[in-house]
Amino acid sequence: RSARWSRRLGVRSPRSAQPTNSSTSWTYAARVCSLLPASEEAQAEASRGILPAAIVYTHDLPAERALTMRARAEGGRLALVRVAGDGDAALELAVTDSEGRVACADRPAASSVVARRDLLCRWTPNRTEEYRIVLRNRGRVWTRAILVSN
């Protein structure tokens, strides 16, 4: 299939990567470059799940403590929360809706001896509502974590 598209665009197979008609390939490249900002903007708009903007938050979390945040998620769009810890302590991530139901949770296995560095929660809300995001340090030492959302 890629060979067929390559022929339509006036370029040879990727092995040679030499255009057969330089003006055609330059025109195509210019068109693609002009579309990139619009496509990036559309992609960013389509992936927005947390309102009004994405969360980016770094926090030093003491041992056996929790960080609680509230965020509004748009109904029908994928909402994503990711945590990257420094690996010094076991972290747990939970997201609950306004009625206290768990929308998503991620934690290391009970039998795991090693603390996981990355946690991920993704869900698609039925309606726009406020969610509670709880990041809990289950370790005996403080840890630094970065929480980001879409």
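Source: prediction; values computed, not measured.

Any chance you could explain unusual backbone geometry here in plain terms?
Glycine aside, residues mostly have negative phi, and peptide bonds are mostly found in the trans state. Across the junction of Leu51 and Pro52, the peptide omega takes the value -5 degrees, indicating a cis bond. Following the sequence through the fold, Pro52 ends up in the loop between β1 (50-51) and β2 (56-61).

What am I meant to see in the environment of Cys104 here?
Inspection of the secondary structure assignment puts Cys104 in strand β6 (residues 102-106). Residues Cys104 and Thr124, 20 residues apart in the sequence, show an inter-C-alpha distance of 9.9 Å. Aside from chain neighbours lying at most four places away, what touches Cys104 is Leu93, Ala94, Val95, Leu120, Cys121, Arg122 and Trp123.

Where do I start with the side chain of Ser149 in this structure?
Structurally, Ser149 is set in strand β9 (residues 143-149). Judged by relative accessible area, Ser149 falls into the buried class, the value being 10%. Polar side-chain contacts of Ser149 include one of 2.8 Å to the backbone nitrogen of Ile55.

Quick question: what am I supposed to make of the sheet that holds β9 here?
Each strand in a sheet pairs with another by means of backbone hydrogen bonds, the pair being arranged parallel or else antiparallel. Judged by pairing direction, the sheet is antiparallel, and its 4 strands sit side by side in the order β2-β9-β4-β7 without closing on themselves. The sheet is open, and its two edges are formed by β2 and β7 (118-123), each paired on a single side. Strand-to-strand twist of the sheet, defined as the mean angle between neighbouring strand axes without regard to direction, takes the value 15 degrees. Two elements, strand β4 (residues 79-85) and β7, share 6 bridges in a ladder whose sense is antiparallel. The partner of Val81 across the bridge, within β7, is Cys121.

How should the sheet that holds strand β3 (residues 66-73) be read in this particular structure?
Read from one edge to the other, the open sheet built from 5 strands follows the order β1-β3-β8-β5-β6, with strand pairing classed as antiparallel. The open sheet has two free edges, formed respectively by β1 and β6, since each of these has just one partner strand. Pairing between β1 and β3: 2 bridges, direction antiparallel. Considered in β3, the bridge of Leu51 is made with Arg72.

Looking at this structure, I do not really get the confidence of the model for the protein. What am I missing?
Detailed reading of the predicted model is not advised wherever pLDDT is low. For the protein, the mean per-residue pLDDT works out to 76, and 64% of the residues sit at or above 70. Scored below 50 in pLDDT, residues 1-36 shows 14 contacts in the model against residues more than four places distant or in partner chains.

How do you make sense of the environment of Ile50 when you look at a structure like this?
Looking at the element boundaries, Ile50 is found in strand β1. Given a relative accessible area of 1%, Ile50 falls into the buried group. In sequence terms Ile50 and Ala79 are 29 residues apart; their C-alpha atoms lie 6.2 Å from each other. Beyond its immediate chain neighbours, meaning those up to four positions away, Ile50 contacts Ile55, Ala71, Arg72, Ala73, Ala79, Trp123, Ser149 and Asn150.

Criteria and thresholds
- Residues numbered from 1 in each chain as written.
- Predicted model: local features only at pLDDT ≥ 70, side-chain atom pairs only at ≥ 80, totals over all residues.
- Heavy atoms only, no water.
- Helix = DSSP H or I, 4+ residues; strand = E, 2+ residues; numbered from the N terminus.
- Contact = heavy atoms within 4.5 Å.
- Buried < 20%, exposed > 50% of the residue type's maximum accessible area, 1.4 Å probe, protein only.
- Polar contact = N/O pair within 3.5 Å; in protein donor to acceptor, adjacent residues only side chain to side chain.
- Pairing = 2+ DSSP bridges.
- Axes fitted to C-alpha atoms, helices over the stretch in contact; angles between N-to-C directions.
- pLDDT = per-residue confidence, 0-100.

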